[in-house]
Amino acid sequence: QVHVVESGGGLVQPGGSLRLSCEASGIIFSIYAMGWYRQAPGKQRELVATSTSGGSTTVVDSVKGRFTISRDNAKNTAYLQMNSVKPEDTAVYYCNVLVVATMGGSLTGYWGQGTQVTVSS
């Protein structure tokens, strides 16, 4: 029904920058929110940043001032601009798309397969 694909991951040196993309496709009535999560080896998946259809954005304290989330509504795409990356940012980054159903207005979340980000010298 709804497909979510992340891209843009790779190897980057500490202090460098990387831009991740999350594209949602399929039959979508509307998107309530899109969010970026990450999961490092041996750790739980954690929230990184969110963007709602109303324009509100949130980033967690650990990445505040370094990461920025943005949206291209026409393309159903969210971006995560990662600046001044640190080794502890190394993780698989996942995108979640919260879709509003046409019937009843309920919300359903869809996950992408993730993209690997490795911060290393």
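Above this text is the structure in question.
Residues numbered from 1 in each chain as written. Predicted model: local features only at pLDDT ≥ 70, side-chain atom pairs only at ≥ 80, totals over all residues. Heavy atoms only, no water.

(A) Region of interest: the packing of aromatic side chains. All told, the structure shown has two aromatic pairs when counted by the stated rule. With a centroid separation of 4.9 Å and an interplanar angle of 65 degrees, the aromatic rings of Tyr37 and Trp111 are classed as edge-to-face. With a gap of 74 residues between them, Tyr37 in strand E4 (residues 30–39) and Trp111 in strand E10 (residues 107–111) connect regions that are remote in the sequence. We classify Tyr37 as partly exposed; its relative accessible area is 22%. Members of the aromatic cluster, each reached through a chain of ring pairs, are Tyr37, Tyr94 and Trp111. Geometry around Tyr94 places Arg45 over its ring, the cationic atom sitting 3.6 Å from the centre. One Lys or Arg, Arg45, reaches over the ring of Trp111 and ends 4.7 Å from the middle of that ring. (Phe/Tyr/Trp six-rings, centres within 6.5 Å; stacked < 30°, edge-to-face > 60°. Helix = DSSP H or I, 4+ residues; strand = E, 2+ residues; numbered from the N terminus. Buried < 20%, exposed > 50% of the residue type's maximum accessible area, 1.4 Å probe, protein only. Lys NZ or Arg CZ within 6 Å of the ring centre and 35° of its normal.)

(B) Main features of the sheet that holds strand E8 (residues 77–82). Within the open sheet, the four strands sit side by side as E1-E3-E8-E7. Their pairing is antiparallel. Two strands bound the open sheet, and with one partner strand each, they are strand E1 (2–7) and strand E7 (67–72). Ignoring which end each strand starts from, the neighbouring axes of this sheet average 15 degrees apart. Pairing geometry for strand E3 (residues 18–26) and E8, over six bridges, is antiparallel. The partner of Cys22 across the bridge, within E8, is Ala78. (Pairing = 2+ DSSP bridges. Axes fitted to C-alpha atoms, helices over the stretch in contact; angles between N-to-C directions.)

(C) Representation of unusual backbone geometry. Phi is positive for Asn76, which is not a glycine, with a value near 50 degrees. Relative to the helices and strands, Asn76 resides in the loop between E7 and E8. Judged by its relative accessible area of 26%, Asn76 is partly exposed.

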